[in-house]
Structures are given as structure tokens and as C-alpha cells.
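Residues per chain are reported as follows:
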Amino acid sequence: MQYRKILFVIDVMNPGGGAQKVLPYLLRILQKNGVQVRLIVLKKTTEVMLLDDLSVEYILPNRETRLLENSFKILDTLTREAKNFELICSFMDFITCYFVALISKFAQIPYYAFVRCEPSFVEETFPYKHVNHDLYSLCLQNAQNVICNSKSSSVDIIKNFGVPKEKIFLLYNPIDMQQIQKDLRKTIELPIKKDNEIFCLSVGRLNPQKNYLTLLKSFLELQDLRIKLFIIGEGEQRKEMEQFICKHHLSNVMLLGYQNNIYPFLAQADIFVHGSLFEGFPNVVLEAACLKKPLILSDIMPHKDFFAARGALFFNPEDVDDLTMKIKDLACNQQKRDHLAKEAFSVIQEYQGENFEKQIQKIFNIANFSVNEQ
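On a predicted model such as this, the values are computed, not experimentally measured, just so you know.

Criteria and thresholds
- Residues numbered from 1 in each chain as written.
- Predicted model: local features only at pLDDT ≥ 70, side-chain atom pairs only at ≥ 80, totals over all residues.
- Heavy atoms only, no water.
- Helix = DSSP H or I, 4+ residues; strand = E, 2+ residues; numbered from the N terminus.
- Rg over C-alpha atoms; globule rule 2.2 N^0.38 Å.
- Buried < 20%, exposed > 50% of the residue type's maximum accessible area, 1.4 Å probe, protein only.
- Contact = heavy atoms within 4.5 Å.
- Disulfide = S-S within 2.5 Å.
- Pairing = 2+ DSSP bridges.
- Axes fitted to C-alpha atoms, helices over the stretch in contact; angles between N-to-C directions.
- Core = buried A, V, L, I, M, F, W, Y, C linked by side-chain atoms within 4.5 Å.

A closer look at the overall build of the protein chain
- A count of helical and extended segments in the protein chain gives 15 helices and 13 strands.
- For the protein chain, the C-alpha radius of gyration of 21 Å lies close to 21 Å, the compact-globule estimate for 374 residues.
- Principal-axis analysis of the C-alpha atoms gives the protein chain an extent of 65 × 45 × 40 Å.
- A total of 374 residues make up the protein chain; the buried ones form 56% of that total.
- Residue pairs at least 24 apart in sequence account for 69% of intrachain contacts in the protein chain once pairs closer than 6 positions are excluded.

Here's the deal with the state of the cysteines
- Enumeration according to the criterion identifies zero disulfides in this entry.
- Cys97 provides the cysteine sulfur closest to Cys139, a residue in no disulfide bond, and the two sulfurs are 4.7 Å apart.

A closer look at the sheet that holds strand E13 (residues 312-315)
- Read across the open sheet, the six strands follow the order E10-E9-E8-E11-E12-E13; overall the sheet is parallel. Edge positions in the sheet fall to strand E10 (253-257) and E13, since each of these pairs with one other strand and no more. On average, each strand axis in the sheet is tilted by 25° relative to the strand beside it, whichever way the strands run.
- Bridge analysis of strand E8 (residues 198-203) against strand E11 (residues 271-274) gives two bridges, and the strand direction is parallel. Among the inter-strand pairings, Leu201 is bridged to a residue of E11, identified as Phe272.
- Where helix H9 (residues 238-247) meets the sheet, it contacts strand E9 (227-232) and E10, and its direction lies at approximately 155° from that of E10.
- Against the sheet, helix H13 (residues 320-331) touches E8, E9, E11, strand E12 (295-298) and E13, its axis set at about 155° to E13.

A closer look at the nonpolar core
- Ranked by size, the top nonpolar core spans 38 residues in total, and within it Ile74, Leu78, Ile88, Tyr136, Leu140, Val146 and Ile157 carry the most contacts.
- Counting residues per element, this core draws most heavily on helix H3 (residues 95-107), at seven residues.
- Setting aside residues no more than four positions away along its own chain, Ile157 makes contact with Val115, Pro119, Leu140, Val146, Cys148, Gly162, Val163 and Ile168.
- The next biggest cluster of nonpolar side chains, apart from the first, holds 32 residues, and it includes Tyr172, Phe199, Val284 and Phe307.

Below, the structure is given as C-alpha cells:
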């Protein structure tokens, strides 16, 4: 079936998130193909992405507002909106999907569920993980289609959540090279690199999932070498990381905080390190590869989906010595860095925006739409 009016639902639209970066790109592709789209955001954060060219509504006034305590307000707003559309899509896992599945029944329209992570890993952090598991399984199984952003997440929901394989689409996140090149031309203040220094960069929210303490422990072992680590991101683990840096006098590590434009930092880096314990789709890893950076990655499946055959060095995310050895190996070998960077760049060519648009047209059956048909 062709859908000309589609409602999307996400929990927050704060800057820096992978899903938040992809969703506007997807919505604009749908608009370009003649589809009427609207976005409903459950909570408005202190900082939100600029979406002036899209139809957006925020239900709750701030991020501190609890979703479950406002369930009836959320359901009422979504039901009223959904009645004007032919399809509703959840663009974040678990509770956002629960609301969308309910609204699908209330408004009598089908729904798609976008899976942005490996749910089995994420649910381990929940206090009522068995309830969440059963509820999420039910929601995914009843969705008309489930769109996963990695092979590992699709395997997970088939094996552990009972989703039939024929319902699943694989939609890798796009690499918007035009925007990256545009941002690279912007002038920003960068760290000063001294002669023969090697800059390592890691990007991501400062939380336990990103495994930054292992990275800091590794740079504790690398203090005597001319290797520096820069970390871009903010989050609840910042204080703990600052205390570690202070306690161990890590002069070779700098926390740069949230940066609106990460690409000049990526361009300056000699090595990109991503040590997550689990991921949905590693956007920033592919962006680093796109800028021809050698990669050192934790050996989790979302990383191996792309670079298992070539283009990266892998380390055990719980093994500080393994990571330290990989960093030291690359830092001391310019030829190996150049070779690895070239391989990484060749791997990610298929994830350019043009391929993403073709997949969107296939998933939503809109290849034959035109704006004039509306």
C-alpha cells in the first residue's frame, strides 16, 4: 500500500543523538517524494534541533516530565493527530513504540516500528526488564513492518522477540557527505597539535554504554608517549570521568564537551576510537571512516556489521591492555594508519545518501509519487 500521510513519533529531539540526526533527513526525503509528514515529540528538551521546514509538535514541556505519569495526555494528543494520517511510525525503542502501538488500535491505522538498538542489551538496564521484553515483543510482532538500522538488531528481534523475518527491512543510517563538507568549511577553535603528536578522538554521550572508563585507563598507560585523547560529548558520567582524570593526573586527556560541529575535530584526528559496550547504528564511526580516519573499535556486532572484513582494528571492550596495544600499534605506524583509513573509506561508500533514499522509497512504496499528485 502507498502511504501519502505519515505521522512519526520520537521521545526527544535534542541535538547530538543518532536517531535525532537521521529522522529529519528521512522526513525531508519523504516530503520530496510527495508524502505529507508530521513529527510529534513526546518531551521538549532544553536544547532542540532546528526543524523549521518540518511540521513538529511537542507534547510535554520539558525532559524532566515523566512519560508514564502523563500517559493519558500523550495518548489523547497522539490519537487526535493520528486520525488525520494513514500510517504512524515510532522512531525510538520501547516506550515510544508502546504509545504508537496503542494509538494504532485507537485510530485504526497501521504502524511501523523503527528499531534503533539491540533491544536485548538495552532491556538489561530496565528495572522491569521481563515486562518490557514481553510488551516490546508484542508491539514489534503486531507492527506492519519493523525497520532495523543494523544486521545485529534485526537478528536480535528475530531470535529474541519473535518478529517474523518477512516483516523486517534493513535501513542503514545515511552519510550526508554534502553536509559534512559544508560543516568542515566552518571555522572553529581546535586543539593545537605539537610536532609528532598523535591525536586520538572519541565521540559520544558520556555514559556507561560508551565505555569511556576503559579508554581513560588505557591512556593512563600511554602517558609517556606523545599520544593525546580528546572526547566530545556530555552526559551523566562526566563528573566520574573528571574525577578519574584528576586523580591520575591525566594530562594527555581532554574532555571537549558537546560540540555542535564535530567534523573539523574528526578531520584533525589521527585515530578514531569507539569503545561502546553496545550500539544501535554507529553513525559517528561511519562518519570518521568517511573522513578517512583509521578506526579502533570495540568488537561488538554493530561495529563488525560494517568492518569485520577490513577497515578497522578491534579490541575487547573489557580489556584495557588490548585497547592500549592497538592504540600504541597504530600511533607508531603511519603506513598502517594510512592503509586502514583507505580501507575504512572504501567500506562505507554504499551508505551514501542516494542509497538511503532508494531504501526509503522501497519501504514506504513511494517510488511513483510526485508532489503534484497530492
